[in-house]
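Descriptive analysis of the structure
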Amino acid sequence: GGGGGKPRADPAQMTPEDHDRIAKTIHVAGIRGLRGQPGIQPGEEITEEDLAAFFGNDGEVLGVRINGPHCWIEFVEEAGAISASQKDGTESGGHHLRISQSKTPIRTNGYAKGREVQEAAKAKTVEATGSGGAAAGGVAAASTPASTGIPMSQQMHQARPEPQRQMTPSEVVEAVTAALARANELEASHASGSLVTSNAAAPA
């Protein structure tokens, strides 16, 4: 698991928006050469933008945080986190991916494009509600979180999706097999989408 940033918050103090964001956030380990790790030369490091591009195949990325050998990826939609989780235990460009559900939302977003989307959404929420509180018509702001990146006007007209039933073991195997086949196809056809930088040194 791991945390998306700062000291771990007491789960009782988390807001509904925090829980919504956690459902859209994954924790990733097993990636060598993350920005800030010792012994990584400039130009050989894997940055927030590299991670956003790689995981962008699973869904639109809203936030990325790197802390030592760990990173967290927040998606606009929960489906992105679910899709990315299917890469757990796979290998990409010599990186052995270990992916799990995050235990906290990302508090320190290092992905510039995602920060811009978040800030624009917050500004629209404040503008639409007048104060960042309840929206017009009595719709609570928590039911239309600003972190989704969807304009407030569209959020208010979207119905919340029905909870999905739990998959059977055979459906899980089928989904994982399909995801692995898709990942292998993508890796074979899009070498540029790999987490290996062009001048990265070969593993020792």
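I will try to describe carefully the structure that is included in this document. (Residues numbered from 1 in each chain as written. Predicted model: local features only at pLDDT ≥ 70, side-chain atom pairs only at ≥ 80, totals over all residues. Heavy atoms only, no water.)

1. Let's talk about helix 1 (residues 16-23)
Stated formally: Partly exposed residues are those whose accessible area sits between 20% and 50% of the maximum for their type, while under 20% is buried and over 50% is exposed, using a 1.4 Å probe and protein chains only. Elements are defined by DSSP. Helices are runs of H or I of four residues or more, strands are runs of E of two residues or more, and each kind is numbered from the N terminus. We call two residues in contact whenever any of their non-hydrogen atoms come within 4.5 Å of each other.
Taken as a whole, helix 1 has its buried residues at Asp 18, Asp 20, Arg 21 and Ile 22. Tucked into the core, helix 1 has its buried residues touching strand 1 (25-29), strand 3 (70-75), strand 6 (98-101) and helix 4 (112-129).

2. Structural notes on the sheet that holds strand 6
The following threshold applies: When DSSP finds two or more bridges between a pair of strands, those strands are recorded as paired. Axis definition: a line fitted to C-alpha atoms, over the contacting stretch in the case of helices. Angles run 0 to 180 degrees between N-to-C directions.
The strand order across the open sheet formed by 4 strands is 2-3-1-6, and the pairing between neighbours is antiparallel. Strands with a single pairing partner mark the edges of an open sheet, and in this sheet they are strand 2 (61-67) and strand 6. Strand-to-strand twist across the sheet, computed as the mean angle between neighbouring axes with direction ignored, equals 20°. Pairing between strand 2 and strand 3: 6 bridges, direction antiparallel.

3. Quick notes on the nonpolar core
Where we set the bar: The set of buried Ala, Val, Leu, Ile, Met, Phe, Trp, Tyr and Cys residues whose side-chain atoms join them within 4.5 Å is what this entry labels a nonpolar core.
If you look at the biggest cluster of nonpolar residues, it comprises 20 residues, and the most contacted ones within it are Ile 26, Val 28, Leu 51, Phe 55 and Ile 73. Here this core gets 4 residues from one element, more than from any other, and that element is helix 2 (residues 48-55). Discounting residues that sit within four places of it in the chain, Ile 73 has contacts with Lys 24, Thr 25, Ile 26, Val 28, Leu 51, Phe 55, Val 61, Gly 63, Val 64 and Ile 106.

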